[in-house]
Amino acid sequence: MSCSEVIIDAAKRAGIEFDADEAQEIVDILEERLSKRVENALADEYEDIFKLARNIAKQARINAVIEKRARILNAKAYVDIMSAVAKNPKDPAEALSAILVGSARLGNLNSVDARQHALNTNYQGSLLAALREANLESVFKSKDMEALIYQAMFDGDNFNVRQAGGAEAKQVAEIVKKHQKLRLDRKNLHGAVIAETENYAVRQGHDPILLRNGAKTAEEMEAAKNSWVAYMLERNSDGSLKRLSSKTFDNKPSTKEVNNKKVPYTEEMFLGDMWTNLVSGQHQNVGSIRGDDGQIDVVSAFKGPSNLAKKLSQSRVIHFKNGTEAYEYSKKYTRMSLVDAVMSGIDHDAQAIGLMEVFGTNPAAMFDRVLTDIKSGAKTDILTLDKIGEFKLRTQFKEIDGTSKSRGAGRPVMFGADFAGLASGWRMIQSMAKLGSATISSFGDIATNATFINTNTNRGIFGSYAQALGFAFKMFPRKEQQKLAYLLGVGIDGAMGSTHARFGSNDSLPGMVGKAQQHYFRLNLMTFWNDAQKSGVAKILAADLATYRNDAFESLNIRTRNGLKRYGIEEAEWDVMRQMDMLAADGREYMFAGGIDTIPDDVIEAAALAKINAGRKRKIKQPTQAAIDKYKNDLATKYSMYITDSADTAIPTPGAKERAYMNLGTERGTVVGEAIRAFMQFKAFPVTYVTKAAQRQRYARIQEGRSGVFGIAQMMVGTTMMGYLSVTMKDILSGKNPQEVFSDEYGLNPKLLTRAFVQGGGAGIYGDFLFGEYGGYGRGLIQTMSGPTFGSIDEIGNIYKSAASGDTDALQRNVTKFVKGNVPGMNLFYTKTALDYLFIHGMMEHVSPGYLRRMEKRMKRDMDQTFYFPPSQSATRF
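Residues numbered from 1 in each chain as written. Predicted model: local features only at pLDDT ≥ 70, side-chain atom pairs only at ≥ 80, totals over all residues. Heavy atoms only, no water.

Remarks on the overall build of the chain
No. 1: Scanning the chain for helices and strands turns up 41 helices and six strands.
No. 2: When contacts within the chain are restricted to residue pairs at least 6 apart in sequence, those whose partners lie at least 24 apart make up 70%.
No. 3: When the accessible surface of the chain is summed, it comes to about 38600 Å², and 56% of that surface belongs to carbon and sulfur atoms. (Helix = DSSP H or I, 4+ residues; strand = E, 2+ residues; numbered from the N terminus. Contact = heavy atoms within 4.5 Å. Areas by Shrake-Rupley, 256 points an atom, 1.4 Å probe, with all protein chains shown as cover.)

Some details on a nonpolar patch on the surface
No. 1: There is a patch of nonpolar side chains on the surface, built from Val741, Phe742, Leu748 and Leu753 and spanning about 390 Å² of accessible area.
No. 2: Locating Val741 in the fold gives a position in the loop between α33 (708-733) and β5 (742-743).
No. 3: Judged by relative accessible area, which is 31%, Val741 ranks as partly exposed. (Patch = residues over 30% accessible without salt bridge, like charges linked within 9 Å, V, L, I, M, F, W, Y side chains within 5 Å. Salt bridge = Lys/Arg side-chain N within 4 Å of Asp/Glu carboxyl O. Buried < 20%, exposed > 50% of the residue type's maximum accessible area, 1.4 Å probe, protein only.)

Thoughts on the pairing of strand β1 (residues 255-258)
No. 1: Both β1 and strand β2 (residues 261-264) contribute to a ladder of four bridges, which runs antiparallel. Opposite Val258, over in β2, you have Lys261 as the bridge partner. (Pairing = 2+ DSSP bridges.)

As for the environment of Gly735
No. 1: By the secondary structure assignment, Gly735 is in the loop between α33 and β5.
No. 2: Gly735 sits 98 residues away from Thr833 along the chain, and the two C-alpha atoms are 6.8 Å apart.
No. 3: Ignoring any residue separated from it by four or fewer positions in sequence, one finds Gly735 in contact with Thr833, Tyr837, Phe867, Tyr868 and Phe869.

Some details on the packing of helix α15 (residues 363-377) against helix α17 (residues 390-400)
No. 1: At a minimum axis separation of 12 Å, α15 and α17 run at an interaxial angle of 165 degrees. Here α17 runs roughly antiparallel to α15, going by the angle between their axes. Where α15 crosses over α17, the two elements pack in a sense that is right-handed. Of α17, the residues touching α15 (which contributes Pro363, Ala364, Phe367, Asp368, Leu371 and Lys375) are Glu390, Leu393, Arg394 and Phe397. (Axes fitted to C-alpha atoms, helices over the stretch in contact; angles between N-to-C directions. Parallel < 35°, antiparallel > 145°, perpendicular 65-115°, else oblique. Left-handed = near helix turned anticlockwise from the far one by under 90°.)

Some points on the packing of aromatic side chains
No. 1: A complete count under the given rule lists 16 aromatic pairs for this structure.
No. 2: Measuring from centroid to centroid gives 5.8 Å for Phe443 and Trp529, while their planes differ by 35 degrees, and the two rings are tilted. Of the two residues, Phe443 is situated in the loop between α19 (438-441) and α20 (444-456) and Trp529 in helix α25 (residues 526-547); the sequence distance between them amounts to 86 residues. Each of the two residues, Phe443 as well as Trp529, counts as buried.
No. 3: Plain terms: the ring middles of Phe685 and Tyr689 are 6.1 Å apart, the flat faces sit at 40 degrees to each other, and that makes the pair tilted. Linking Phe685 with Tyr689, this pair stays in helix α32 (residues 684-703), spanning four residues, or about one helical turn. The pair formed by Phe685 and Tyr689 is uniform in burial state, with each residue classed as buried.
No. 4: Taken together, the aromatic side chains of Tyr231, Phe320, Tyr329 and Tyr333 make up a single cluster linked through ring pairs.
No. 5: Directly above the aromatic system of Phe679 lies the positively charged group of Lys683, at a separation of 4.3 Å from the ring centroid. (Phe/Tyr/Trp six-rings, centres within 6.5 Å; stacked < 30°, edge-to-face > 60°. Lys NZ or Arg CZ within 6 Å of the ring centre and 35° of its normal.)

Digging into helix α31 (residues 671-679)
No. 1: All of the buried residues along α31 are Gly673, Glu674, Ile676, Arg677 and Ala678.
No. 2: Buried residues belonging to α31 abut α18 (419-434), α30 (656-663) and α37 (788-805).

Quick look at the packing of helix α21 (residues 461-471) against α25
No. 1: The N-to-C vectors of α21 and α25 enclose an angle of 135 degrees; their axes lie 8 Å apart at closest approach. Of the possible angle classes, the one that applies to α21 and α25 is oblique. At the point where α21 passes α25, the crossing takes the right-handed sense. For the pair formed by α21 and α25, the contact residues are Gln467, Ala468 and Phe471 on the first element and Ala532, Gln533, Gly536, Val537 and Ile540 on the second.
No. 2: The class makeup of the residues in the contact of α21 with α25 is five nonpolar, three polar and no charged. (Nonpolar A, V, L, I, M, F, W, Y, C, P; charged D, E, K, R; others polar.)

Some points on the pattern of salt bridges
No. 1: Within this structure, the stated rule accounts for 41 salt bridges.
No. 2: With its nearest N and O atoms 2.6 Å apart, the salt bridge here joins Arg186 to Glu357. Placement of the pair is Arg186 in helix α8 (residues 166-189) and Glu357 in helix α14 (residues 338-359), with a sequence separation of 171 residues.
No. 3: In this structure Arg186 comes out as buried when scored by relative accessible area, which is 5%.

A short note on the environment of Arg561
No. 1: Mapped onto the elements of the fold, Arg561 is located in helix α26 (residues 558-565).
No. 2: Each C-alpha atom, one on Arg561 and one on Glu571, is 9.3 Å from the other, the two residues being ten residues apart in sequence.
No. 3: Once residues within four sequence positions are removed from consideration, Arg561 is found in contact with Phe553, Glu554 and Leu556.

Quick notes on the confidence of the model for the chain
No. 1: Here the chain averages 82 in pLDDT, while 81% of its residues score no lower than 70.
No. 2: Scored below 50 in pLDDT, residues 38-43 shows two contacts in the model against residues more than four places distant or in partner chains.
No. 3: A low-confidence stretch, residues 774-778 stays under pLDDT 50, and its non-local contacts, those more than four residues away or across chains, total 13 contacts. (pLDDT = per-residue confidence, 0-100.)

Some words on the side chain of Asn120
No. 1: Mapped onto the elements of the fold, Asn120 is located in helix α5 (residues 112-133).
No. 2: Relative accessible area serves as the criterion here: at 13%, Asn120 is assigned to the buried category.

Description of the nonpolar core
No. 1: By size, the foremost hydrophobic cluster in this structure holds 109 residues, and its most contacted members are Trp228, Met232, Leu271, Trp574, Met577, Tyr639 and Tyr642.
No. 2: Among all residues touching Tyr642, those that are not within four sequence positions of it are Leu541, Leu545, Thr560, Gly563, Leu564, Tyr567 and Ile569. (Core = buried A, V, L, I, M, F, W, Y, C linked by side-chain atoms within 4.5 Å.)

Concerning α21
No. 1: For α21, the complete set of buried residues consists of Ser464, Tyr465, Ala468 and Phe471. Down the axis of α21, the buried set is contained in an arc of 115 degrees. They therefore lie on one face. For α21, the exposed residues lying more than 90 degrees away from the buried face are Phe462 and Ala466. (Arc of directions from axis to C-beta.)

Digging into unusual backbone geometry
Most peptide bonds adopt trans geometry, and most residues besides glycine take a negative phi value.
No. 1: Look at Asn260: it is not a glycine, yet its phi comes out positive at around 65 degrees.
No. 2: When you line up the elements, Asn260 lands in the loop between β1 and β2.
No. 3: For Asn260, a relative accessible area of 70% puts it in the exposed group.
No. 4: Here Leu525, not a glycine, exhibits a phi torsion of approximately 70 degrees, which is positive.
No. 5: You can call Leu525 partly exposed: its relative accessible area is 25%.

Some points on the side chain of Lys170
No. 1: Along the chain, Lys170 turns up in helix α8.
No. 2: Lacking a salt bridge, the buried Lys170 has Glu174 as its closest oppositely charged neighbour, with an N-O distance of 4.5 Å. (Lys, Arg positive; Asp, Glu negative; His and termini not counted.)

Below is the structure:
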């Protein structure tokens with residue numbers, strides 16, 4: 001009997017089914033491990049075989065339990081999803097969409113997207129708050145401390161705390177690792193089986209562009225791969241590996257099938273396969289966590305049932321020898337700073353946890369199963385079947401599982417960057433060239449914020465506007481105020497430089513251009529404006545709930561009660577939440593997610609037991625610790641969703657639903673995907689205004705028993721008023737006389753009213769393009785609507801034509817126009833007017849004599865507007 005047949009026979013007796021391939025792979029693994037362990041100790045061969053066999057048998061039993069647990073988790077996830085879908089039989093697709101990205105119409109905003117966002121901001125916020133409390137936030141963000149923090153996180157007790165900066169680095173490392181452990185425990189609760197690793201710093205980044213090293217041909221690709229493999233396998237003088245721990249190869253199969261023949265699988269081949277996977281970007285998808293070689297592994301990650309041999313392989317990842325080598329690799333093969341890597345790890349974990357908690361251990365397979373069953377169940381009802389938009393649902397799922405934003409390294413095009421990198425970099429440059437007045441253009445946020453406060457709290461409309469206007473004057477928070485914002489899960493955009501996500505696709509890259517964009521949004525004050533508005537509404541909601549702590553759920557005002565219900569917080573959850581210790585800050589008390597940990601254990605235990613027994617015929621008497629932990633986590637996440645998603649509604653910020661509309665399920669790096677992202681640049685605000693601000697305002701009013709149309713009208717009146725302030729302020733800063741409010745012919749000036757309505761009531765930043773703020777005069781409607789990238793392409797075409805024709809005057813004009821509209825930093829609202837009068841106006845007049853008078857006449861004709869310092873008379877001449 002062969003070894004594999006012995007394993008199959010023994011497994012059958014243990015109640016485990018193997019096929020021949022699985023059994024043979026186990027034999028291969030056994031031989032591979034054994035050869036490493038006995039190559040210098042042949043006398044102990046049989047003892048090692050028995051030890052290893054016992055370990056495999058033990059692992060087989062563990063994996064059988066893992067599979068059973070995964071089946072239970074997936075069965076529960078399926079029942080929960082289908083139960084939610086069954087509540088809306090006439091439109092099951094809307095019910096599934098609500099689970100994915102939320103539905104204001106159904107009053108269900110407890111979605112995977114909201115959950116992922118809440119987890120991300122809560123984990124990031126609690127980490128930043130802990131660092132700020134210990135006065136270590138600046139140390140954490142310091143470039144000079146990165147190497148020490150890497151070493152402290154990786155080397156543990158062997159780290160020298162007495163060296164310069166060692167004590168602070170150790171403190172930062174302990175705080176970061178504590179928060180990593182919280183996420184690890186939560187993943188394990190929902191199907192992952194991940195052991196805490198001692199020699200670990202952060203989830204290692206691998207930049208596909210740097211790994212590819214500009215390779216375009218097959219020979220260059222092979223050279224880039226060989227260079228990376230050689231770097232990884234570099235050895236010390238004694239022959240030991242310099243960079244890698246031998247653990248990297250512990251689970252390497254002994255053979256590999258090549259051209260239908262099994263050949264020895266060398267370390268070079270093993271790392272070469274890893275390089276190929278890393279360059280392709282497959283390891284980035286959170287639908288199923290993969291090792292660096294792209295292999296899905298249930299023992300160290302999560303996936304549904306799979307064969308034991310794959311599980312025995314465990315995680316196929318890179319293990320570095322020490323923190324110094326891990327840090328050196330990060331500097332060579334990723335453009336991420338330590339802060340970027342830590343926050344990227346949190347984002348990745350938040351996405352994975354949010355998916356697992358709703359769709360089970362294999363989210364993609366569960367989604368496909370649910371969608372198939374919904375379509376199958378609607379076959380007898382053609383009208384219902386017509387409503388199932390599979391494309392829309394799949395694009396939404398691609399946003400929450402990361403498919404639409406993950407990318408590998410495409411063929412280098414220019415500067416060593418691929419098409420996706422160049423396209424993303426260009427969009428960032430366009431943002432920096434066009435959004436100098438973004439803060440002023442965003443005055444409409446005051447109106448959306450005020451109407452949200454009015455709709456979701458017990459405040460009147462005038463009191464709500466007073467609050468929203470007050471936020472605008474609190475743009476630079478004190479230390480304790482910033483810590484409070486972090487604990488509420490807001491203020492993270494500014495801290496991490498992601499404010500740009502409000503205006504387009506959230507696809508910024510690490511590196512010089514990405515960092516420049518972060519600094520730019522601080523310079524134009526958008527970072528501070530955004531954080532002040534979001535923090536303000538979050539604090540109002542949290543403070544209100546703290547004041548209601550002695551009120552029963554049915555005694556809460558209907559607006560607050562409805563708001564809590566949208567995120568799954570009902571009477572039972574409220575009765576538990578109001579027993580937390582409130583966070584005291586700035587003289588007030590606040591309810592916050594971290595306060596869940598202060599609720600007495602017996603209260604949490606009773607609530608978890610009641611939830612488990614709800615609907616059960618056979619009641620249990622005692623909940624497990626896992627059930628208690630899940631209840632606490634879920635309650636904290638529901639509250640975080642209520643706060644963070646409310647802030648993103650009050651200050652319209654795109655989520656997965658909006659990104660699905662804008663990206664249409666396309667992937668980065670494809671021609672269609674990048675074209676769509678270019679077309680949709682700066683249109684995120686109008687899309688979000690409709691899908692979040694307007695729709696949620698409408699249905700909130702309906703659920704309150706009032707007119708939904710009135711709710712939208714109320715908000716649009718406010719945004720139009722704020723739009724008027726915005727356009728008037730920009731006119732004054734540009735040296736123009738503000739347009740007259742009243743018109744002899746129409747009463748109200750229709751041109752000003754249209755500008756104000758579009759600027760504040762839905763178009764926001766894009767209103768600047770519709771009304772020529774960025775050189776729109778002379779452009780057709782299609783060119784203007786297509787966005788800045790396509791407008792710039794047209795300008796480049798004009799430059800080429802004028803150069804080809806030899807028309808130097810036209811060439812000068814076209815080049816000057818292109819530079820004016822596409823150089824970052826020239827349009828900051830507080831420097832633009834001075835720059836225009838001192839340089840830009842004069843340069844345009846120089847290359848096109850008579851330009852200034854023509855511009856003044858055109859503005860008078862089209863907008864009935866004049867300059868109070870006419871450029872034709874006041875601008876510097878060249």
